[in-house]
Amino acid sequence: MNLNLTFKWLFSLFGGLIALIQPTFEIFLICVFAILVDMYTAYSLSRRVRKKYPGSNNGKFRSNYASKVFNTLIKIYLLLVLAYLIDVKVLYFLDGMFLANFTAGFFCFVQIWSILENESSENDAKWAKVLQKVMVNKAERHFDIQLEKIMEETNEDKSKRD
């Protein structure tokens, strides 16, 4: 087989695949933006924890979370492509159910919830106190610290100073 013909065949196959999944690119970028905002708010939470409880956290970005984000990006994109293909190739007779859009909408809702948890955790603002009534405090879960123990130590330090 001619090498030139092989490259033409591979590029044609690749081009066809890109053309097939191209409608999911824009939706995926919205999901990527949601993930980036969540990462930023998690980093902000890390900084607040470090400031509020010195020594409990280094307040820096951690590379092990980056690999988790990369895996999330792969999974959400594969899910979006699958939902899109089911919509246009399997359920085509239903005239577009927009499954990829619903999938992205649900994913973004979960990310927005996570963003609000990050922003309300260890935050003394009035709006954050309201959110803390219905959302979990992510400081302990995200940064491997036991908040109750740190709060006890902080209270002990304060009582020793008084």
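One can find the structure itself at the top, above this paragraph.
All of the points below concern the structure found in this document. (Residues numbered from 1 in each chain as written. Predicted model: local features only at pLDDT ≥ 70, side-chain atom pairs only at ≥ 80, totals over all residues. Heavy atoms only, no water.)

### Examining the overall build of the chain
Stated formally: By definition, any uninterrupted DSSP run of H or I lasting at least four residues is a helix, any uninterrupted run of E lasting at least two residues is a strand, and each is numbered from the N terminus. Residue contacts follow a heavy-atom distance rule, with two residues in contact if any of their heavy atoms lie within 4.5 Å. In short, Shrake-Rupley with a 1.4 Å probe defines the accessible areas, and a residue's cover is counted only from the protein chains shown.
Helices and strands together make up the secondary structure of the chain, namely 7 helices and 0 strands. Seen in sequence order, the chain has helices and strands lined up from the N terminus as α-α-α-α-α-α-α. Considering only contacts within the chain whose residues lie at least 6 apart along the sequence, 61% involve residues at least 24 apart. Carbon and sulfur atoms form 65% of the exposed surface of the chain, whose accessible area is close to 11500 Å².

### Topic: the pattern of salt bridges
This is how the line gets drawn: By definition, a salt bridge exists where a carboxyl oxygen of Asp or Glu is found within 4 Å of a side-chain nitrogen of Lys or Arg. Accessibility here uses a 1.4 Å probe with only protein chains present; expressed as a share of the type maximum, an area under 20% marks a residue as buried, one over 50% as exposed, and anything in between as partly exposed.
If you walk through the whole model with that rule in mind, you get 1 salt bridge. Two residues, K129 and D124, come together in a salt bridge whose shortest N-O distance is 3.7 Å. Taking relative accessible area as the criterion, K129 reaches 39% and is therefore assigned partly exposed.

### Here's the deal with helix α3 (residues 63-90)
Working note: α-helix, 3.6 residues per turn, so residues spaced by three or four point in the same direction. What counts here: Expected helix span is given by 1.5 Å per residue-to-residue step, counting one fewer step than there are residues.
The terminal C-alpha atoms of α3, which comprises 28 residues, lie 40 Å apart, in line with the 40 Å expected from a rise of 1.5 Å per residue. Every buried residue of α3 is accounted for by V69, I76, Y77, L80, V81, A83, Y84 and D87. Buried residues along α3 sit in contact with α1 (3-21), α2 (25-52) and α4 (99-120).

### Focus on α4
Taking 1.5 Å as the rise per residue, α4 with 22 residues should run 32 Å; its terminal C-alpha atoms sit 32 Å apart, in good agreement. Every buried residue of α4 is listed here: A100, T103, A104, F107, C108, Q111, S114, I115, E117, N118 and S120. Phi turns positive one or two residues past the end of α4, at E122, with a value near 55 degrees.

### Some thoughts on the packing of α3 against α4
Helices that pack against each other are described as a pair by the angle of their axes relative to one another and the distance between those axes. How we decide: Every angle, taken between N-to-C directions, lies between 0 and 180 degrees, and every axis is a line fitted to C-alpha atoms, over only the stretch in contact when it is a helix. When describing relative orientation, an angle under 35 degrees is termed roughly parallel and one over 145 degrees roughly antiparallel, while 65 to 115 degrees is termed roughly perpendicular and anything else oblique. Note on residue classes: Ala, Val, Leu, Ile, Met, Phe, Trp, Tyr, Cys and Pro are nonpolar, Asp, Glu, Lys and Arg are charged, and everything else, Gly too, is polar.
The geometry of α3 relative to α4 is characterised by a closest axis approach of 7 Å and an angle of 150 degrees between their N-to-C directions. Compared by their axis directions, α3 and α4 come out roughly antiparallel. Of α4, the residues touching α3 (which contributes T72, I76, L79, L80, A83, Y84, I86 and D87) are L99, A100, T103, A104 and F107. The residue inventory of the contact of α3 with α4, partitioned by class, reads 10 nonpolar, 2 polar and 1 charged.

### Observations regarding unusual backbone geometry
Glycine aside, residues mostly have negative phi angles, and peptide bonds mostly take the trans form. Residue F98 is not a glycine yet carries a positive backbone phi of 60 degrees. Position of F98 relative to the elements: it lies in the loop between α3 and α4. Backbone geometry places E122, a non-glycine residue, at a positive phi of 55 degrees. Checked against the element boundaries, E122 lands in the loop between α4 and α5 (126-132).

### Observations regarding the packing of aromatic side chains
Applied cut-off: Stacked, tilted and edge-to-face pairs are distinguished by plane angle, under 30 degrees for stacked and over 60 for edge-to-face with tilted covering the rest, among Phe, Tyr and Trp rings (Trp via its six-membered ring) whose centres lie within 6.5 Å.
In this structure the tally under the stated criterion is 5 aromatic pairs. Ring centres 6.3 Å apart and planes at 40 degrees place the aromatic pair F109 and W113 in the tilted group. In this pair, F109 and W113 both sit in helix α4, 4 residues apart, roughly one turn of the helix. Through a chain of ring-to-ring contacts, the aromatic side chains of F25, F28 and Y77 assemble into a single cluster.

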